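As a plain string of letters, each chain reads:
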Number of protein chains: 2
Amino acid sequence: MATDKKQNLLYLFHRPQEPSFVPKGENAVAFDVPAKFLPERYKQLGTQLESRFGEATSQKISLVDIKEPNLTNIMRLGRHENFSLFLPKHQNIAAELINIFMAAKNVDELQSLGVYCRDRVNPYLFVYAFSVALLHRPDTQGVNPPNFAQTFPDKYFQSGIFAKAREETSVVPTGSRMPIEIPRDYSASDLDEEHRVAYWREDIGVNLHHWHWHLVYPTNAAMSIVNKDRRGELFYYMHNQLIARYNVERLCNKLKRVVKYSEFEKPIKEAYFPKLDSLVSSRTYPARVSNQVLQNLNRQQDEIVMDVAALERWRDRIFGAIHSGFVMDRDGKQIPLTENEGIDVLGNVLESTILSPNPDFYGNFHGMGHVFLSYIHDPDHRHLENFGVMGDFATTMRDPMFYRWHSYIDDIFLEYKATLPRYNVGQLNYTGITVDSVSMQGEGSKPNEINTFWQQSDVDLSRGMDFQPRGSVFVRLTHLQHQPYTYNITVNNASGSPKMGMCRIFLAPKFDERGNPWLFRDQKSMFIELDKFKVNLKAGKNTITRMSTQSSVTIPFERTFSDLDTNRPTGGDALAQFNFCNCGWPQHLLLPKGTPEGYVCQLFVMVSNYDLDKIDQDETGVCNDAASFCGLKDKKYPDRRSMGYPFDRMPRNGVDNLQQFLTPNMRVQDCIIRHNNRTIRRKN
Amino acid sequence: MATDKKQNLLYLFHRPQEPSFVPKGENAVAFDVPAKFLPERYKQLGTQLESRFGEATSQKISLVDIKEPNLTNIMRLGRHENFSLFLPKHQNIAAELINIFMAAKNVDELQSLGVYCRDRVNPYLFVYAFSVALLHRPDTQGVNPPNFAQTFPDKYFQSGIFAKAREETSVVPTGSRMPIEIPRDYSASDLDEEHRVAYWREDIGVNLHHWHWHLVYPTNAAMSIVNKDRRGELFYYMHNQLIARYNVERLCNKLKRVVKYSEFEKPIKEAYFPKLDSLVSSRTYPARVSNQVLQNLNRQQDEIVMDVAALERWRDRIFGAIHSGFVMDRDGKQIPLTENEGIDVLGNVLESTILSPNPDFYGNFHGMGHVFLSYIHDPDHRHLENFGVMGDFATTMRDPMFYRWHSYIDDIFLEYKATLPRYNVGQLNYTGITVDSVSMQGEGSKPNEINTFWQQSDVDLSRGMDFQPRGSVFVRLTHLQHQPYTYNITVNNASGSPKMGMCRIFLAPKFDERGNPWLFRDQKSMFIELDKFKVNLKAGKNTITRMSTQSSVTIPFERTFSDLDTNRPTGGDALAQFNFCNCGWPQHLLLPKGTPEGYVCQLFVMVSNYDLDKIDQDETGVCNDAASFCGLKDKKYPDRRSMGYPFDRMPRNGVDNLQQFLTPNMRVQDCIIRHNNRTIRRKN
């Protein structure tokens, strides 16, 4: 019963704009909201509301009395505005609301506070802050907030579907409703070159991953939440991998690698029209047309006055730190950028988080870059326009500029990495261990030839369709998919005794844009991590088999698409893991698209010395689907090596190509990714 | 009963996206739609729909069987697209649908055709085409389509209100609903200079007038509809007056007169973010950011491939016609631009309509200018974006570029007017008639000092809120208003016998932007027509009193704001007059805003010789509220003079200022328009 009561908190995520006294969910459960809890507008209507909704309510949840919290500051963000975790004003407001929820004495009080706040504050803000509170309160473990894309479908699905969904729910009885199909090309056409990879940028799994990553790794909250193991380094590595993956995807689509955005005075040729409408604000996410130029910001309402020159100053100081080998803290003290920990410091500086040793000096380069880009259409708010998709973690990966911006961020990290000592053979090799063969094979396919195709999957919108009739209404979207496959790896252990190794699997294109073989210094930035796992090696021949679905970078397909309400992770610490469990690259995009003629890649497998890799910690019961991208909750990052190892540094002298880089514990296999331009309906 | 049956046609305008079998209006009347009429999607659901909506229906309208029309071509415009009468493709589709409705044998057949088409074709298109048919069919006279702003509120009210209206209708019972207030400044702030006159550009009355004017004067339809008396000249004059009025409004707001848009290769500094969302397409009207440049169009879907150079060629040929005194018809024959009729020919050429004598040669300068500007953000459709507000008669007057574009159009007309013989004293004077004094006076105010202020009025949105609960929900908007006032004019008739005169009342600012008195050649373009009416002058002293509400350019306030369903014009020919009756400048904007310190204007009154003005026709029973702007339905324009007389030509030699221009039958009076920055709630 106690568990049931806690689960009632989840009703607060249903139809976030509908007041709490309106019956929720298929079971028509409503909160029994006392008059004093009602927002001003509804106070005067008390009995009328009772007669309007009383009958439709099948169950009422009663609320305990509470001292009404002071929401004056929090309500400076209006109910019908959009909400951005990039904006310091919004960050502060969110922190205040989180504190209110964290301070509740028990679940009953939390529930009352939730109802009181929910019908007053901005719905996006509420869902964010309430989710964070549920994640961090000891007494709400096991209460799993529903899929963000279902609560706010307007951040994930093109606006055009909502009129159709309204017609479907209003006219057609539940059960007979047809999914509303989103065409694969809805935001642009292939006349726009950048659109060729829109299927990837606008993928629901990609954007959910990014939202969850930043929920797990907030930049500004209590220190206990922010200060996670190697979080600065993970900021570098996860985004580094996003850029590598994006670049591979671009090559598959006959596009050149993304051009970093570093010349702030030059026009931005990439336009982007997101076709997203905020249902909360009834306002569109503004577009960016071609050839706009970054402008100084002076937006009173957002409390931002900042020149583009500030970005340039921060950037120059960060380069100064890289080239001098230390950052300067608030007291002018030098913090050396050491070989293994320097990247973590630099990540905190660049992102920047409250862990940055000197935000006054190094600023907020990454975050404000997003803000500048998100306001390029209305830098002084004269047009009363909101931020574009670049200003929202949930939407920013849709925009080609996300990648140009993060390519620059990555470039700065690589500039630093180039200053580090290069790995010598001893640091790469695993004496006595030889990888003899490597292959990847899909069911019923030739070895080393994997097929990709289009798949249609359905997502239920109804939880986010405020003020519409009840019952499911599905949207049908088309996304890339690959056939499941298996890695087969044979390893010889000539050491004469059992050994443990870390098997690291990467993939990179074999040729560059010109069709030429790569220089290693370029190809190393094209390697995308596919998997990483511990292997026990008996003496002699070992055969390792590993399935693509076991990948350490992805979450299972179902977790992206299913209603998480009914698919919650099991285990005693379920909720605590919730956001972790939903952080992770979508399995359906583990591989790049390939090409119809067969895209030639190099599959790289390395078995490293586990003694040098391992972290001593108990990892049982921890949600670790996507540890490579998201770490482990409340644990250390489960690999002692620098993230990206062995490709994170410049190669040793004499290594010009991948073959020269290899030590016996590494192996490369050519493989082909072939895209079949057909669409398959997913079986539910 | 026959009348009642006809009125059922009006249910087709209720909630244009909701299928015809869904009960309509407060009385829950639904069409009894036979299975074969149902769109494909609903055919399979027949009995389910019956059980879902049967109970809620209180009255069913049965339909006669018809041969199903072929909608293949018409449905090339998708149900969820936007519709533009500027686009030739859409014009042709509309014409085809109008023909279907016109060909119905009787009202019963029309009703069946209406239902059949309504649930299949684009809703905007349907409402337009069905309105035109009702207006022109003899058997549907007396059936008055409802206010367009209520059927499609998304074209008139900022998108932000619809989320609020959904909450209000879903949560609050009818009767307790509060109006949703639209702030006066919602599309921009005064940081944007152009925004100072946004209250005027975005006025609902202004935009409804413009929509109705173009409904009354379509450019492309059956010749009998298009070929109205002096329609080309009226195109010139009505838009000329719009520009004059806009310029006066700008001066009141410390803005310079609008700069014509004639240099197509230069960036357009005026940005505009309309904040309008199409509810039909769930898509926003795209914005124009600063400094965009006109681009060649290549939009396959709209069937438009055209270079900016085409605009320039047409423009140069039109100037060629002006400076050579003739246009060339399709056969190469010269049509002289005569003193009185030339302007009408030129109007047809410039607009252009099917009356243009040579569209292949002179093109479609005005219309394509709108199209080019409306697609400036996505000229080749690579971003799958729709047209901006410039592409829609219902919304174009919101955009500052409307005025820059029409200022250029006007300039071309004035270039032509400058070639005409100047009025000599004999053509201006009315021998024996002297205007002795002139004044305008508001109730309880000093003479020649009129107050303006802000007023709030409510408009019911519910008819356009598809898929929402029934019952009124109001939007409250703030618009300019002036106190009602009276003209007092004393005229001496020294001729010794009764005379008839045409009293022409104009107003212009007394000073230019610099605060200097005007040269007549400039001031003449600043005179806005306030009224024009016939007067009987007995011999000797005459006192003429005329109320501001009688103006020949305006329609009554109530007609802009009220539900036209319940306020239909009376009289035997009611519907035929419907669109005419709703064409007209909104009374609440008869006067410019003035300034807080008192804006000094010159009131100009002229009594001209009616013998030279009059048109012999029976005007009884004709809706003539705004004849100066809209003409009279099926009649001649009720003034034989050139439109704009006496200000439509360059002045005779020796006339440098207004005083020198005056003949005894004219009089000028300084007056003050004072703006009070307070807001008054309109009493319903």
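The following paragraphs examine the structure supplied in this document.

Conventions adopted
Residues numbered from 1 in each chain as written. Chains lettered and ligands numbered in written order. Predicted model: local features only at pLDDT ≥ 70, side-chain atom pairs only at ≥ 80, totals over all residues. Heavy atoms only, no water. Disulfide = S-S within 2.5 Å. Helix = DSSP H or I, 4+ residues; strand = E, 2+ residues; numbered from the N terminus. Phe/Tyr/Trp six-rings, centres within 6.5 Å; stacked < 30°, edge-to-face > 60°. Buried < 20%, exposed > 50% of the residue type's maximum accessible area, 1.4 Å probe, protein only. Lys NZ or Arg CZ within 6 Å of the ring centre and 35° of its normal. Contact = heavy atoms within 4.5 Å. Buried area = accessible area lost by both parts, 1.4 Å probe. Salt bridge = Lys/Arg side-chain N within 4 Å of Asp/Glu carboxyl O. Polar contact = N/O pair within 3.5 Å; in protein donor to acceptor, adjacent residues only side chain to side chain. Nonpolar A, V, L, I, M, F, W, Y, C, P; charged D, E, K, R; others polar. Axes fitted to C-alpha atoms, helices over the stretch in contact; angles between N-to-C directions. Parallel < 35°, antiparallel > 145°, perpendicular 65-115°, else oblique. Expected span 1.5 Å × (residues − 1).

### Quick look at the state of the cysteines
On inspection of all chains with the given rule, the structure shows 2 disulfides over all chains. Covalent S-S linkage joins A:Cys583 and A:Cys630, the inter-sulfur distance amounting to 2.1 Å. Disulfide A:Cys583-A:Cys630: the torsion about the S-S bond is -80°, which places it as left-handed. One end of the pair, A:Cys583, is in the loop between helix H21 (578-582) and strand S18 (585-586); the other, A:Cys630, is in helix H23 (residues 627-630), and 47 residues separate them in sequence. Its sulfur unpaired, B:Cys252 is 6.2 Å from the next cysteine sulfur, which belongs to B:Cys601.

### Some thoughts on the packing of aromatic side chains
Under the criterion given, the structure shown has 91 aromatic pairs over all chains. Ring centres of B:Tyr124 and B:Phe152 lie 4.6 Å apart, and the angle between their planes is 55°; on these two criteria the pair is classed as tilted. On the criterion of sequence distance, the pair formed by B:Tyr124 in helix H6 (residues 123-136) and B:Phe152 in the loop between helix H7 (148-151) and helix H8 (160-171) is long-range, its members being 28 residues apart. Of the residues examined, B:Phe152 reaches a relative accessible area of 1% and is grouped as buried. An angle of 25° between the planes, with centres 4.4 Å apart, marks the rings of B:Phe520 and B:Phe661 as stacked. Placement of the pair is B:Phe520 in helix H19 (residues 520-523) and B:Phe661 in helix H24 (residues 658-661), with a sequence separation of 141 residues. Owing to a relative accessible area of 0%, B:Phe520 belongs among the buried residues under this scheme. What links up through ring pairs into an aromatic cluster is the set A:Phe83, A:Tyr124, A:Tyr128, A:Phe148, A:Phe152, A:Tyr156 and A:Trp211. For the cation-ring pair, A:Arg299 lies above A:Tyr375, with the distance from its terminal atom to the ring centre recorded as 3.7 Å.

### Points about the interface of chain A and chain B
Listed as interface residues are 57 residues of chain A and, on the opposing side, 57 residues of chain B. Around 4,800 Å² of area is buried between chain A and chain B when both sides are counted, 55% of it from carbon and sulfur atoms. When the shortest N-O distance is used, the salt bridge between B:Lys275 and A:Glu385 registers 2.6 Å. For the interface between chain A and chain B, the tally reads 12 residue pairs in polar contact (both at pLDDT 80 or more). Secondary-structure elements contributing two or more residues to the side of chain A that touches chain B are helix H2 (40-43), helix H3 (46-53), helix H8 (160-171) and strand S5 (283-284) of chain A. Among the elements that line the side of chain A that touches chain B, the one with the most residues is H8(A), at 10 residues. Considered class by class, the residues forming the side of chain A that touches chain B number 24 nonpolar, 18 polar and 15 charged.

### What about the packing of H3(A) against H8(B)?
Running from amino to carboxyl end, H3(A) crosses H8(B) at an angle of 80°, the nearest separation of the two axes being 10 Å. Comparing the axis directions of H3(A) and H8(B) gives the class roughly perpendicular. On the side of H3(A), the interface is formed by A:Leu49, A:Arg52 and A:Phe53, while H8(B) contributes B:Thr169, B:Ser170 and B:Val171. The residue makeup of the contact of H3(A) with H8(B), split by class, is 3 nonpolar, 2 polar and 1 charged.

### Comments concerning unusual backbone geometry
The linkage connecting A:Glu351 with the following residue, A:Ser352, adopts the cis geometry, with an omega of -25°. The topology assignment puts A:Ser352 in the loop between helix H14 (342-351) and helix H15 (359-362). At the junction of B:Tyr645 and B:Pro646, the peptide bond is cis and its omega measures out at 10° in the coordinates. Position of B:Pro646 among the secondary structure elements: in the loop between helix H23 (627-630) and H24. Of note, the phi angle at B:Arg230 is positive, near 50°, even though the residue is not glycine. Topologically, B:Arg230 is positioned in the loop between helix H11 (223-226) and helix H12 (231-252).

### Quick look at helix H12 (residues 231-252) of chain A
Residues and elements named next belong to chain A. Spanning 22 residues, H12 covers 31 Å between terminal C-alpha atoms, matching the ideal 32 Å at 1.5 Å per step. By the criterion of burial, H12 is predominantly enclosed, with 22 of the 22 residues buried. A positive backbone phi angle near 60° is found at Lys 254, which sits one or two residues after H12.

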